[in-house]
Amino acid sequence: MKFDLDNPRTLATTAVMTALVLGLTLVRIAVTPINGYVHLGDIAIFFTSFAFGPWAGLVAGGLGTGLADVVSGYAIFAPLSLVVHGLQGLVAGWIVRRRPTSAGLVLGVLAGGVILVAGYFIGEAVVPVFGGPALALSEVPFNAVQAAFGSLGAVVYAAVARAYPRLRQTGTQSPPL
Amino acid sequence: MTAPLSFYSPADSWLHRLDPRPKLWFSLLGVLICVLTTRTVVLIGVLALTHAVLLAGRQPPRSLVRLWRAMLPILVMILVLQPLLAPGEGPDLWRVGPVRLTEAGLLTGLHYALRVAAGAFVASLPVMTTPVNTLVYGLHKAGLPYSWGMAIGLALRYLGTVGELYTTISEAQQARGLSFSRGGIVKRVRAAAPTLIALIIASLRLSDSLALGLAARGYGLKRQRTYWRNISMRPVDWLAVAVITLAFAGMLPFLR
């Protein structure tokens, strides 16, 4: 199915998945006492990419996390999140569309995770308004943990596909599991 | 999902009544200035200007403090790490082994932190002074395709609904003995899984009914649109655009 936001079905799925990414990005689960937390947003991004294809992953990932930045006071980082998480969703979805197998899912979360860590690092180090090299370096370990946590998206996708078989009918490109 | 869902604070002022487009224009130019400049003075200028505009627009000072507080962890991180990571030239103020602290390093840290702070305030001005719906409408009027605006608007609209679903599901599961706040990291993450899966399935059902609702209203059938509530640029809005453009253009010679 072509990705066309003028189609009510596509718009509804994309918008609700964006809301899900946005909401789950705002839920923080503390892992260390100081400033250390992970959020569930990346799991939702990977889920969207796998269930509804790369373009839905791009919109839900980029827009969802960008809006999360805007509503939590980090509006200046919204363009960076938009690009990084958008690419993450796009590439992960594209890989799984090409390789609709369990191996494809693993490859998808791996590639997405690398984009997440590298994207924030390069963006913050290169574009001065995003904090500079020191901040970029200090965020690498946090983003690596976040990416590892986000890779659970593959497991969550498999679990949802099993518990809710309709996903494979409504989803545009769902790998058989 | 208890995070503050918006930085918007309603007030009756010229700034709040202004068309969203001049405010977005202010953000765009302001962020550009913050990206292009290499001088700390310009960043302080942009920061001061944005504070002045917000306060003159009767924006409650409380909300400015809230934004500073949200930015604080990042600013502290930059102020501490940047001088240690790239000390730069000059005599040491302090030294332990290879770690040194110089005046140049401190100034660079301050520069980077101010850049983030200035960028954050400039970028947040439209969000702080305009309801989100009006802002999305303004983006559409500035050229964003209708369906994209629709996606943004619906996502923000359904954030609340998804949040309610999350609360309902996690309360139901906690009532059955699930705990998110006990045990190590692995245990906490595992506790999140059943909630998450139920939440995703509930969201998929939600999108089914949303798709039906959109289709029933003929969404996507006719590309030409009419509007119930329209916004248009008044003379004062054009004046604001002119003033903003002149103010930032005036900063151009001092950027480097």
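Residues numbered from 1 in each chain as written. Chains lettered and ligands numbered in written order. Predicted model: local features only at pLDDT ≥ 70, side-chain atom pairs only at ≥ 80, totals over all residues.

## Regarding the overall build of chain B
Each helix and strand counted, chain B has nine helices and two strands in total. Reading the helices (α) and strands (β) of chain B from amino to carboxyl end gives α-α-α-α-β-β-α-α-α-α-α. The C-alpha radius of gyration computed for chain B amounts to 24 Å, which surpasses the reference 18 Å derived for 256 residues by more than 25%, pointing to a less compact arrangement than a globule. Taking the principal axes of its C-alpha atoms as reference, chain B extends roughly 70 × 60 × 30 Å. (Helix = DSSP H or I, 4+ residues; strand = E, 2+ residues; numbered from the N terminus. Rg over C-alpha atoms; globule rule 2.2 N^0.38 Å.)

## With respect to the overall build of chain A
Looking only at helices and strands, chain A has seven helices and two strands in total. Helices and strands appear in chain A in the N-to-C order α-β-β-α-α-α-α-α-α. Here chain A, with 177 residues, has 60% of them falling under the buried criterion. (Buried ≥ 20, exposed ≤ 12 C-beta atoms within 10 Å, placed from the backbone.)

## A few points about the pairing of strand β1 (residues 92-96) of chain B
All names here are of chain B. Taken across its five residues, β1 has zero buried, putting it largely on the surface. With four bridges joining them, β1 and strand β2 (residues 99-102) adopt antiparallel strand pairing. Bridging across to β2, Val 96 finds its partner in Val 99. Linkage of β1 to β2, two consecutive antiparallel strands, is achieved through a turn of two residues, within which Gly 97 is found at a positive phi near 60°. (Pairing = 2+ DSSP bridges.)

## Brief notes about the confidence of the model for chain B
Interpretation of this model should avoid reading the predicted coordinates in detail wherever pLDDT is low. Looking at chain B, pLDDT values average 87 and 96% of them are 70 or higher. For this predicted complex, the interface confidence reaches an ipTM of 0.88, while the overall pTM sits at 0.88. (pLDDT = per-residue confidence, 0-100.)

## A word on the packing of helix α2 (residues 20-36) of chain B against helix α6 (residues 132-141) of chain B
All names here are of chain B. In contact at an axis separation of 9 Å, α2 and α6 are set at 80° when each is read in the N-to-C sense. Classified by the angle between their axes, α2 and α6 sit roughly perpendicular to one another. The residues of α6 that touch α2, namely those facing Pro 20, Arg 21 and Leu 24, are Thr 134, Leu 135, Gly 138 and Lys 141. For the contact of α2 with α6, the class distribution of residues is three nonpolar, two polar and two charged. (Axes fitted to C-alpha atoms, helices over the stretch in contact; angles between N-to-C directions. Parallel < 35°, antiparallel > 145°, perpendicular 65-115°, else oblique. Contact = placed C-beta atoms within 7 Å. Nonpolar A, V, L, I, M, F, W, Y, C, P; charged D, E, K, R; others polar.)

## Quick word on the interface of chain B and chain A
In this assembly, 59 residues from chain B lie in contact with 52 residues from chain A. Looking at the side of chain B that touches chain A, its residues break down into 48 nonpolar, nine polar and two charged.

## A word on the nonpolar core
Of all hydrophobic cores here, the largest spans 118 residues; its most connected members are Phe 47 and Tyr 157 of chain A together with Val 116, Ala 117, Ala 120, Ala 151 and Ala 155 of chain B. If one sorts the elements of this core by residue count, helix α2 (residues 41-71) of chain A sits on top with 18 residues. Two domains each put at least three residues into this core: domain 1 (14-130 + 233-254) and domain 2 (143-216) of chain B. Excluding residues within four positions of it along the chain, Tyr 157 of chain A makes contact with Phe 46, Phe 47, Phe 50, Ala 51 and Leu 105 of chain A. (Core = buried A, V, L, I, M, F, W, Y, C linked by C-beta atoms within 7 Å. Domains from an automatic or database assignment.)

## A word on the domain arrangement of chain B
Annotation of chain B at the domain level lists domain 1 (14-130 + 233-254) and domain 2 (143-216). Distance from the C-alpha centre of domain 1 of chain B to the C-alpha centre of domain 2 of chain B: 35 Å.

## A few points about the packing of helix α4 (residues 102-126) of chain A against helix α5 (residues 133-150) of chain A
To characterise two packed helices, one gives the angle between the axes of the helices and the distance between these axes. Residue and element names in this part refer to chain A. Closest axis-to-axis distance for the α4/α5 pair is 8 Å, and the angle between their directions is 165°. With respect to α5, the axis of α4 lies roughly antiparallel. Crossing hand, α4 versus α5: right-handed. Seen from α4, the contacting residues are Gly 113, Leu 116, Val 117, Tyr 120, Phe 121, Glu 124 and Ala 125; seen from α5, they are Pro 133, Leu 135, Ala 136, Glu 139, Val 140, Asn 143, Ala 144, Gln 146, Ala 147, Ala 148 and Gly 150. Among the residues forming the contact of α4 with α5, the class breakdown is 12 nonpolar, four polar and two charged. (Left-handed = near helix turned anticlockwise from the far one by under 90°.)

## A look at the environment of Gly 119 of chain A
All names here are of chain A. Secondary-structure assignment places Gly 119 in helix α4. C-alpha separation for the pair Gly 119 and Val 155, spaced 36 residues apart in sequence, amounts to 24 Å. With near-sequence residues (within four places) excluded, Gly 119 lies in contact with Val 84 and Leu 87.

## Brief notes about α4 of chain A
Residues and elements named next belong to chain A. Counted at 1.5 Å a residue, the expected span for α4 with its 25 residues is 36 Å, and the 36 Å between its end C-alpha atoms agrees. Where α4 is concerned, the buried positions are Leu 105, Gly 108, Val 109, Gly 112, Gly 113, Ile 115, Leu 116, Val 117, Tyr 120 and Glu 124. For α4, the secondary structure elements touched by its buried residues are α2, α3 (78-98), α5 and α6 (152-163). (Expected span 1.5 Å × (residues − 1).)

## As for the environment of Ile 122 of chain A
All names here are of chain A. Its place among the elements puts Ile 122 in helix α4. For Ile 122, a count of 14 C-beta atoms within 10 Å corresponds to the partly exposed category. Between the alpha carbons of Ile 122 and Lys 2 there is a distance of 32 Å; along the sequence they are 120 residues apart.

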